[in-house]
Amino acid sequence: MNVELFIPCFIDQLYPETAFNTVKVLEKAGCKVNYNPEQTCCGQPAFNAGFWDDAKVIGSKFLNDFREDSVIVSPSASCTGMVRNYYNDLFTNTTSHNKCRNIQSNIYELSDFLVNILQVDYFGAELEGRAVYHDSCAGLRECKIKAEPRQLLSKVLGLELVDLKDSETCCGFGGTFAVKFDAISAAMAQQKVDNAIEAGADYIISTDASCLLQLQGYIDKNELPIKTIHIADVLAHGWGNV
């Protein structure tokens, strides 16, 4: 299958290795991956901050950067959810209405695409240790993803996936929320990390780099014995057997 790859600005700037690993995983699943280097942002930061006119300009560029008849895959439930759900507020009854609807129906978060569209869940990945999976707000509530990441992680050799207390609770990032309400945001991150450590986890895994940045920041500040990792990085790890 031919797919277009959407790499959010967050991953492009802070986690480029996750982008490369996404390509590796998609290619191992049998996809031909196309990447448009002109792509930038989906407009979510401006949208969430209330600057809808600016978000519409950025969103219009997004719609022009991708073909409406192509399958688009992204390693971010947050950005996928923005396009799928909130572009309605920006482009309904505009000249971009039809193109927007077509793109909305063709964009997928990575784990959703692998499990539900390609029906592939084994990549020969290996990662020793115990892990918890953090349900990002966007993944759980906007993209309706819950079982898919866990199914993929259950096939990773050496990885013990254990339950995380309050796994559906927000990590505290929430875009500008972390800036406007930093004390509350930090407390929410602490709760999430404390629950992971209580579960004996070596890793916190998620579909969203923004959540992982939030949690890793708290971990680093407090020098805690746990680390965060994106699901694409897990699936591309330790390909010795395949």
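Residues numbered from 1 in each chain as written. Predicted model: local features only at pLDDT ≥ 70, side-chain atom pairs only at ≥ 80, totals over all residues. Heavy atoms only, no water.

The name given to the protein chain in an unreviewed UniProt entry is (Fe-S)-binding protein, with the source organism recorded as Mucilaginibacter psychrotolerans.

1. Structural notes on the pairing of strand β7 (residues 203–206)
The cut-off we apply is this: The classification of residues rests on relative accessible area computed with a 1.4 Å probe and restricted to protein chains. Under 20% of the type maximum is buried, over 50% is exposed, and intermediate values are partly exposed. Going along the chain from the N terminus, every DSSP run of H or I of four or more residues is numbered as a helix, and every run of E of two or more is numbered as a strand. For two strands to be treated as a pair, DSSP must find at least two bridges joining them. Crossover handedness is defined here as right-handed if the route from the first strand over the helix to the second strand goes clockwise, with the strands pointing away from the viewer.
Of the two faces of β7, the one carrying Tyr203 and Ile205 and the one carrying Ile204 and Ser206 are both buried. Where strand β5 (residues 126–133) lies against β7, 3 bridges are found, and the strand directions are parallel. Within β7, the residue paired with Ala131 across the bridge is Tyr203. Of the strand pairs in this sheet, β7 and strand β8 (residues 227–230) are connected by 4 bridges, and their pairing is parallel. Residue pairing for β8: Ser206 is matched across the bridge by His230. For the segment spanning β7, helix α12 (residues 209–222) and β8, crossover handedness is right-handed.

2. Observations regarding helix α11 (residues 182–198)
Applied cut-off: Each residue after the first adds 1.5 Å to the expected span of a helix. Working note: the arc is built from the helix axis to C-beta atom directions. The contact criterion used is simple: two residues touch if any of their non-hydrogen atoms lie within 4.5 Å.
Between its first and last C-alpha, α11 extends 24 Å over 17 residues, near the 24 Å set by a 1.5 Å rise per residue. Buried within α11 are the following residues: Ser185, Ala189, Lys192, Val193, Asn195 and Ala196. Projected down its long axis, α11 shows its buried positions confined to an angular sector of 155 degrees, all on one face. For α11, the exposed residues lying more than 90 degrees away from the buried face are Ala183 and Glu198. Taken together, the buried residues of α11 touch β5, α10 (177–180), β7 and α12. Phi turns positive, to about 80 degrees, at Gly200, one or two residues after α11.

3. Observations regarding the UniProt feature "domain: Cysteine-rich" (unreviewed entry) in the protein chain
Using the following cut-off: UniProt positions are given in the numbering used here, feature names are shortened, and annotations may be inferred rather than shown by experiment.
This chain's UniProt record puts "domain: Cysteine-rich" (unreviewed entry) on residues 3–83 and 132–216. Taken as a whole, residues 3–83 contains 56% helix and 12% strand, while its terminal C-alpha atoms sit 17 Å from one another. End C-alpha atoms of residues 132–216 are separated by 14 Å, and the span's content is 49% helix alongside 13% strand.

4. Thoughts on the domain arrangement of the protein chain
Basically, it comes down to this: Where each domain starts and ends follows an automatic or database-derived domain assignment. Each salt bridge in this description consists of a side-chain nitrogen of Lys or Arg and a carboxyl oxygen of Asp or Glu lying within 4 Å of one another. Polar contact is defined as a pair of N or O atoms within 3.5 Å, subject to the rule that within protein one atom must be able to donate a hydrogen and the other to accept it, and that residues adjacent in sequence are counted only when both atoms are side-chain atoms. Any residue that is not Ala, Val, Leu, Ile, Met, Phe, Trp, Tyr, Cys, Pro, Asp, Glu, Lys or Arg is counted as polar, Gly included; the first ten are nonpolar and the last four charged.
Entries for the protein chain in the domain assignment read domain 1 (2–116) and domain 2 (123–236). For domain 1 versus domain 2, the distance between C-alpha centres works out to 22 Å. Domain 1 puts 30 residues into the contact, and the matching count from domain 2 is 24 residues. Here domain 1 and domain 2 share 0 salt bridges between them. Across the contact surface, domain 1 and domain 2 share 9 residue pairs in polar contact (both at pLDDT 80 or more). For the side of domain 1 that touches domain 2, the elements supplying multiple residues, two or more each, are α1 (9–14), α2 (16–28), α5 (77–91) and α7 (110–118). Looking at the side of domain 1 that touches domain 2, its residues break down into 14 nonpolar, 11 polar and 5 charged.

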